[in-house]
Amino acid sequence: MRTLEAFALSLFLVFLVKWVSSDSNSLPSRDQFLSCMSTHSGSSFINPRSFIHKPDSRLYTDFSQSLSQNYRFLTLNFTSQKPILIVTPRTDSEIQRSLLCSRKLGVQVRTKSGGHDYEGLSYLSLHSPFIILDLVNVRSIEINLADETAWVGAGATIGELYYKIAKFSKIHGFPAGTCPSVGVGGHFSGGGFGAMMRKHGLAADNIVDARFVDANGRIYNSRREMGEDLFWAIRGGGAASFGVVLSWKVKLVRVPEKVTCFRRNLPWTQNMTKIVHRWQQIAVELEDNLFIRVIVSNSGGSVQATFQANYLGGIDKLIPLMNQKFPELGLRFQDCSEMTWIDSIMYFNWKKGQPLENLLDREQRYNDLYFKAKSDFVKNPIPEIGLEGIWKRFHEVESPIMIMEPLGGKMYEIGERETPFPHRRGNLYNIQYMVKWRVKDIGEMEKHVTWVRLLYRYMRVYVSGSPRRAYLNYRDLDLGMNSGINTSFEDARLWGFRYFGSNFKRLAMVKGKIDPTNFFRNEQSVPPLVV
């Protein structure tokens, strides 16, 4: 039966690809899309109404309401265009047909995994019409402890992955981010920072295989089928530029039965500047089991630095290590807590002691409704006078945050060309700047966005340059935007080299092979370079 269904589906695909080539110029309608999706051949039949949601559906209404809350995206970069449909496929064939019908009708596609894109590119578009391909139902997770791997559906969240791993093993984990509701689709394909990256690298560094569908509806069931160039590109280059990842195969890592976490708060008045300055010098040199990040914030009008750490070992080894390498912090036994690796995820997510089932909550977002973020990489320690200038600016707005995460360790062992993520040896740490506000008001938005842009301008003499680097998963449209389907490689270099360095040209060449017509595109997608 499966052979018959596969044959019937292949006939449909051949038919539809030919149909695509005879595309008309008429503006597509929702009914046309539904009609296209209802096309059947033999026993391969799809009832699209089970996974396609029109504006009168509950799911579409909920999406529209959440979008109206996130008005910062609409006001700052986008018009108020909404998708003509939201598609929530469950099977490979439903994804294939969604893509082919979109091509036939001239409809753009926005692929959404967790919906955390900082600029909303997984569910917004400057150009109409478009659909949202929401992978929320493509999130199966299969753990194989025999070879220490897992297959993860592209619509799963990292919290769901962590929870599933913990149910199978107390000595395995995965090096990805600290926010459980982030979707693996975007997180993995953009790199994937995490608290174990100094020991095991990025999430993308631990991907060993993938399943992928291209603009023609062809499914590649392995890296062997897609080839090493495409497999390289989707592990850090942003998969949304190339097609749709169906699932990832990741290599699990060993973790000790107990890890140690600590959180140490220092107000500006308690040598905060000198200790942060010292942190810059030693954070990348510490043993790779220890990850210490710094979160600078303004809490109630008082600027403070929070040193938050994860150590893959016990307190008995951590305290002597800190006394030797970083005595300035004054870490005490009572500052530390031993716990399992899965509990450390809760700790880093500020949910210590809460049920692990909270990791399964896909709707976790910032309590503040609106934010704007930017990023940098630092190659040399910022002098104390430069740090003082940052702290002074933190008194100008409410809820500013600056997160500084160290590299070193495994991050230095991997070459800058091994994946599209180039920010390896030579970089001390990454900075994420973020400002949040609660009031839905244009004046408030302009005030806070202007503030973070001015801080970014102030930082230019202290961070990487030629070009100034940025992290794809902290998406920033201030760096530049594509002009449309005909955006050239030279035009896109403006932002592309900031994210990918010299890897951007190879990404564009891969794009030229897998998607030469630039079907998969957005305001910061890689353009095709055909050579």
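In the block above lies the structure referred to throughout.
Residues numbered from 1 in each chain as written. Predicted model: local features only at pLDDT ≥ 70, side-chain atom pairs only at ≥ 80, totals over all residues. Heavy atoms only, no water.

Student: Outline the sheet that holds strand 8 (residues 207–213), listing residues and values.
Tutor: Across the sheet, five strands lie side by side as 5-6-10-8-9; this open sheet has antiparallel pairing. Where the open sheet ends on each side, the last strands, each with one partner, are strand 5 (141–144) and strand 9 (219–220). (Pairing = 2+ DSSP bridges. Helix = DSSP H or I, 4+ residues; strand = E, 2+ residues; numbered from the N terminus.)

Student: Go over the packing of aromatic side chains, please, and point to the residues and values.
Tutor: Taken as a whole, this structure holds 27 aromatic pairs when the rule is applied. Look at Phe193 and Phe421: their rings are 5.9 Å apart centre to centre, the planes differ by 80 degrees, and that puts the pair in the edge-to-face class. Of the two residues, Phe193 is situated in the loop between helix 7 (184–190) and helix 8 (197–200) and Phe421 in the loop between helix 15 (410–413) and strand 18 (429–437); the sequence distance between them amounts to 228 residues. Accessibility expressed as a relative area gives 3% for Phe421, which makes it buried. With a centroid separation of 6.2 Å and 0 degrees between ring planes, the pair formed by Phe500 and Phe504 is classed as stacked. You can call Phe504 buried: its relative accessible area is 0%. Ring pairing ties together the aromatic residues Tyr118, Phe193, Phe371, Phe377, Phe421, Tyr471 and Tyr474, which thus form one cluster. Against the face of Phe497 rests Arg493, its NZ or CZ located 4.3 Å from the ring centre. (Phe/Tyr/Trp six-rings, centres within 6.5 Å; stacked < 30°, edge-to-face > 60°. Buried < 20%, exposed > 50% of the residue type's maximum accessible area, 1.4 Å probe, protein only. Lys NZ or Arg CZ within 6 Å of the ring centre and 35° of its normal.)

Student: How would you sum up the state of the cysteines? Please name residues and give values.
Tutor: Here, the word disulfide means a covalent bond between the sulfur atoms of two cysteines. Under the defined criterion, the tally for this structure stands at one disulfide. Note on cysteine connectivity: Cys36 is disulfide-linked to Cys101, with sulfurs 2.1 Å apart. Between Cys36 and Cys101, the S-S dihedral sits near -90 degrees, and the bridge is therefore left-handed. Placement of the pair is Cys36 in helix 2 (residues 30–38) and Cys101 in helix 5 (residues 92–105), with a sequence separation of 65 residues. A single burial state applies to Cys36 and to Cys101, both of which are buried. (Disulfide = S-S within 2.5 Å.)

Student: Provide a residue-level description of the pattern of salt bridges, including the pertinent values.
Tutor: Side chains that differ in charge, positive against negative, can pair when their charged atoms come close. Per the stated rule, a full pass over the model turns up 29 salt bridges. The shortest N-O distance in the salt bridge between Asp117 and Arg475 comes to 3.3 Å. Taken as a pair, Asp117 in the loop between strand 3 (108–112) and strand 4 (130–134) and Arg475 in the loop between helix 16 (442–458) and helix 17 (489–500) lie far apart in primary sequence, 358 residues in all. The residues Asp117 and Arg475 share a single accessibility class, namely buried. We note a salt bridge from Glu413 to Lys410, for which the minimum N-O separation is 3.8 Å. With Glu413 and Lys410 both in helix 15, this residue pair falls three residues apart, about one helical turn. (Salt bridge = Lys/Arg side-chain N within 4 Å of Asp/Glu carboxyl O.)

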